[in-house]
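Fold and contact review
Listed here are the chains, written in short residue letters.
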Amino acid sequence: MAISDVKEYAHLTAADVEALGAEFDAIRREIESSRGAADARYIRNVIRLQRALEISGRTVLFASFLPPAWLAGVALLGTAKIIENMEIGHNVLHGQWDWMNDPEIHSTSWEWDNAGPSEHWKITHNFLHHKYTNVLGMDDDIGYGLLRVTRDQRWKPFYLGNPVYNLLLQMFFEYGIAIQHLELGKVAMSKWEKDSAEWQKFDADRKVVLKKVGKQAAKDYLVFPLLTGPAFLSTLTANLAANVVRNVWTNAVIFCGHFPDGAEKFTKADIVGETKGEWYLRQMLGSANINSGKVLDFMTGNLSHQIEHHLFPDLPSNRYAAIAVRVRELADKYDLPYTTGSMPAQYFKSWRTILKLSLPNKYLRHTTDDAPETKSERLFAGNTTTTIDPTTGRRQGLRTALAAGRKLARRTVA
């Protein structure tokens, strides 16, 4: 069920929202108290599997001059890189396994097989993205500084390149992640002096990125190819292919969780005075899941349960499938949407939005209020351009918009 199919959901009172938050808190406490040996065994087995796949792939590539060996090496190494980035690196860096107090699997010490430095990722992703999920102007993951993915982003001629930018972003996603923290667009528009604190911080961050990118490039495109001797060139291309496979897959999974129809976008006004219950609600409404089984769950790093991940980013990923059952029950209880669909469908919808929004709004059939990717946001926000309470003169936050939206929602979908 997509959020755009829900006729009424802006029906919750402030007490309802806080009660929902309390139920999510209860789920968290239950999972935290039940973590134990089985969970620790799971992540350690995943790490063993990933390392076995990587060693196997790099061994096979000693014969990479033979096409079957090249293909097998790419498949093994690409799979190993996907698992390392998604089910291990991403989740370890969220602190999902910090409770084990194992320095090998701790968010403070893990450096993943990716061009993006983990210390930067924990700021741009763990903090900015997860705290301000889908809030335009605060979450850099909305378009990654390249793409227009909501009509609330003012159209510029630059966005005509949306399809090309997205294709390139897919193929070289790890480098997009690497430079995201640098905010190059902001730097280009700034007038910082070379001796200013802002420039010095940027310069220090840039050096960290260049060091990590150089280390990754040397490993995949020099050291390991050289180890295979006469197969140097074919091993180099195999490593490049494995990285592209990992990048495209990672990008697809992330986009399926954030940009298909039903994954809401928000503005800064929507989070004024936001309570913990409202934060939970925004995470739920701003994310989308993928219909999946155990294999797809694993290969997505359990981000097929993107809603659950946004609700509980630091709980062990192997618990998300069970948590999802509880979250769906709460969605039914509170008459809230639970956006999910097959991976091809979610991916198609994400691409469709990116293609459409490369054009100015005047060339699009739907308006900001009834477009598939933003209709639910407008219902949720009360379909109003202001969040100022006419009685008090104060800004309204998410809670007030929810309580006031019921009547408008009925009228809009009639």
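Right above here is the structure, for reference.
Below or above, wherever it landed, is the structure these notes cover. Note that the structure is predicted; figures quoted are calculated from it, not measured.

**Considering the side chain of Ser 64**
Structurally, Ser 64 can be placed in the loop between helix 2 (37-60) and helix 3 (67-93). Looking at Ser 64, its side chain comes within polar contact range of the main-chain oxygen of Ala 231, at 3.5 Å. Side chain to side chain, Ser 64 and Thr 235 meet in a polar contact 2.9 Å long. Every residue in contact with Ser 64, bar those within four places of it in the chain, is listed here: Ala 69, Trp 70, Ala 231, Ser 234 and Thr 235.

**Side note on the layout of surface pockets**
Of the volumes computed, that of the largest pocket is approximately 920 Å³. Looking at the largest pocket, it is lined by 25 residues, and the ones nearest its centre are Asp 140, Tyr 144, Gly 145, Leu 146 and Gly 185. Sorting the residues of the lining of the largest pocket by element identifies helix 6 (173-180) and helix 7 (184-189) as the ones contributing at least two each. Top element by residues in the lining of the largest pocket is helix 7. It accounts for 4 residues. Class assignment for the residues of the lining of the largest pocket results in 14 nonpolar, 6 polar and 5 charged.

**Quick word on helix 1 (residues 14-34)**
With 21 residues, helix 1 ought to run about 30 Å at 1.5 Å a step, and its terminal C-alpha atoms sit 31 Å apart, in line with that. Along helix 1, the residues that are buried comprise Val 17, Leu 20, Gly 21, Phe 24, Asp 25, Ile 27, Arg 28 and Ile 31. Along the long axis of helix 1, the arc covered by the buried residues comes to 155 degrees, so they all point the same way. Seen from the buried face of helix 1, the exposed residues on the opposite side, beyond 90 degrees, are Ala 15, Arg 29 and Ser 33.

**Some remarks on the packing of aromatic side chains**
Applying the stated rule across the entire model yields 14 aromatic pairs. Their ring planes at 75 degrees and their centres at 6.1 Å tell us that Phe 24 and Phe 312 sit as a pair that is edge-to-face. Of this pair, Phe 24 sits in helix 1 while Phe 312 is found in the loop between helix 12 (306-311) and helix 13 (320-333), placing the two residues 288 residues apart along the sequence. A relative accessible area of 0% places Phe 24 in the buried class. Take Phe 312: its relative accessible area is 0%, and that puts it in the buried class.

**Comments concerning the nonpolar core**
Ranked by size, the top nonpolar core spans 38 residues in total, and within it Tyr 144 and Phe 255 carry the most contacts. Breaking this core down by element, the ones donating at least two residues are helix 2, helix 3, helix 5 (162-171), helix 6, helix 9 (232-258), helix 11 (294-299) and helix 14 (343-356). At 7 residues, helix 3 tops the list of elements feeding residues into this core. In contact with Tyr 144, other than residues within four places in its own chain, are Leu 169, Phe 173, Ile 177, Gln 180, Ile 254, Phe 255 and Phe 259. Core analysis: the second largest hydrophobic core is formed by 27 residues, Ile 27, Phe 266, Ile 271 and Met 284 among them.

**Focus on empty space enclosed by the protein**
Evaluated as defined, the whole model comprises 1 cavity of 30 Å³ or more. Lining the largest cavity are 19 residues, with His 90, Trp 112, Trp 121, Thr 250 and Ile 254 sitting closest to its centre. Elements with a minimum of two residues in the lining of the largest cavity: helix 3, helix 4 (118-131), helix 6, helix 9 and helix 12. Examining the composition of the lining of the largest cavity, we find that 5 residues originate from one element, helix 9, more than from any other. Looking at the lining of the largest cavity residue by residue, the classes come out as 7 nonpolar, 10 polar and 2 charged.

**As for the pattern of salt bridges**
Under the defined criterion, the tally for this structure stands at 21 salt bridges. Between Lys 81 and Asp 113 there is a salt bridge; the shortest N-O distance is 2.9 Å. Taken together, the residues Lys 81 in helix 3 and Asp 113 in the loop between helix 3 and helix 4 connect sequence positions 32 residues apart. With a relative accessible area of 11%, Asp 113 lands in the buried category. With a shortest N-O distance of 2.8 Å, Lys 201 and Asp 205 are connected by a salt bridge. Residue Lys 201 and its partner Asp 205 are located together in helix 8 (residues 197-227), separated by 4 residues, close to a single helical turn. Overall, Asp 205 belongs to the buried group, its relative accessible area being 13%. Salt bridges here are not isolated pairs; linked through shared partners, they connect Glu 54, Arg 58, Lys 81, Asp 113, Lys 219 and Asp 220.

Conventions used here
Residues numbered from 1 in each chain as written. Predicted model: local features only at pLDDT ≥ 70, side-chain atom pairs only at ≥ 80, totals over all residues. Heavy atoms only, no water. Helix = DSSP H or I, 4+ residues; strand = E, 2+ residues; numbered from the N terminus. Polar contact = N/O pair within 3.5 Å; in protein donor to acceptor, adjacent residues only side chain to side chain. Contact = heavy atoms within 4.5 Å. 1 Å grid on protein atoms, 1.4 Å probe; cavity = no way out; pocket = protein on both sides within 12 Å on 5 of 7 lines; lining within 4 Å. Points joined across faces, edges and corners; volume = space filled by probe spheres on them. Nonpolar A, V, L, I, M, F, W, Y, C, P; charged D, E, K, R; others polar. Expected span 1.5 Å × (residues − 1). Buried < 20%, exposed > 50% of the residue type's maximum accessible area, 1.4 Å probe, protein only. Arc of directions from axis to C-beta. Phe/Tyr/Trp six-rings, centres within 6.5 Å; stacked < 30°, edge-to-face > 60°. Core = buried A, V, L, I, M, F, W, Y, C linked by side-chain atoms within 4.5 Å. Salt bridge = Lys/Arg side-chain N within 4 Å of Asp/Glu carboxyl O.

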